[in-house]
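Each chain is listed here by its residues.
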Amino acid sequence: LVPSLCPRGSIEDELSGPTCYLDFSAFFLPIGVFQRLIALVADHSSRFEDSGAPVLRQDSALLSFGFTDFRLDVLEREDKIRITISEEADDVAR
């Protein structure tokens, strides 16, 4: 998996639910951190039998751990990574 070779742009399917941010705005979001995170999460996701196929773009990813869908987006201008978990997920802190 080479995330930098994924198509550019964002995934059009929106996902609503609990959201958190990894905020690097006090300094900056290092180049390649988002792509490395996507690669690690996609690898971990593949270990769950019921996980769907990941949808990957350079700026976003739609993945699942079993039946729990979630989305990662890089907000480059804000130096943040947004993580959104499906509102249908069980056992999620709200």
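Is there a simple way to think about the confidence of the model for the protein chain in this case?
The predicted coordinates should not be examined in detail at positions where pLDDT is low. Of the residues in the protein chain, 82% have a pLDDT of 70 or more, and the chain-wide mean is 83. Across the protein chain, element-level confidence peaks in strand S1 (residues 19-23) with a mean pLDDT of 94 and bottoms out in strand S2 (residues 55-56) with 84.

It is not clear to me how the nonpolar core should be interpreted in this structure. Could you clarify?
Nonpolar side chains in soluble globular proteins generally cluster together in the buried interior. Phe34, Ile38, Leu63 and Leu72 are the most contacted members of the largest nonpolar core, which has 13 residues in total. Looking at this core, the elements that each hand over two or more residues are helix H1 (33-45), strand S3 (60-65), strand S4 (68-75) and strand S5 (80-85). Here this core takes four residues from H1, the largest share from any one element.

Which parts of the structure should I look at to understand the packing of aromatic side chains?
Aromatic ring pairs are reported here in terms of the distance separating the ring centres and the angle at which the planes meet. Scanning all chains against the criterion turns up three aromatic pairs. Ring centres of Phe27 and Phe28 lie 4.5 Å apart, and the angle between their planes is 40 degrees; this geometry places the pair in the tilted category. The exposure class of Phe27 is exposed, given its relative accessible area of 67%. Here Phe48 and Phe65 contribute two aromatic rings whose centre-to-centre distance is 5.4 Å and whose plane-to-plane angle is 25 degrees, an arrangement assigned as stacked. In this pair, Phe48 sits in the loop between H1 and S2 while Phe65 sits in strand S3, placing the two residues 17 residues apart along the sequence. Given the relative accessible area of 35%, Phe48 is considered partly exposed. Taking relative accessible area as the criterion, Phe65 reaches 29% and is therefore assigned partly exposed. Chaining the aromatic ring pairs together yields one cluster made of Phe48, Phe65 and Phe70. Over the ring of Tyr21 we find Lys80; its NZ or CZ atom is 5.7 Å from the centre of that ring.

Reading the values: the criteria
Residues numbered from 1 in each chain as written. Predicted model: local features only at pLDDT ≥ 70, side-chain atom pairs only at ≥ 80, totals over all residues. Heavy atoms only, no water. pLDDT = per-residue confidence, 0-100. Helix = DSSP H or I, 4+ residues; strand = E, 2+ residues; numbered from the N terminus. Core = buried A, V, L, I, M, F, W, Y, C linked by side-chain atoms within 4.5 Å. Buried < 20%, exposed > 50% of the residue type's maximum accessible area, 1.4 Å probe, protein only. Phe/Tyr/Trp six-rings, centres within 6.5 Å; stacked < 30°, edge-to-face > 60°. Lys NZ or Arg CZ within 6 Å of the ring centre and 35° of its normal.

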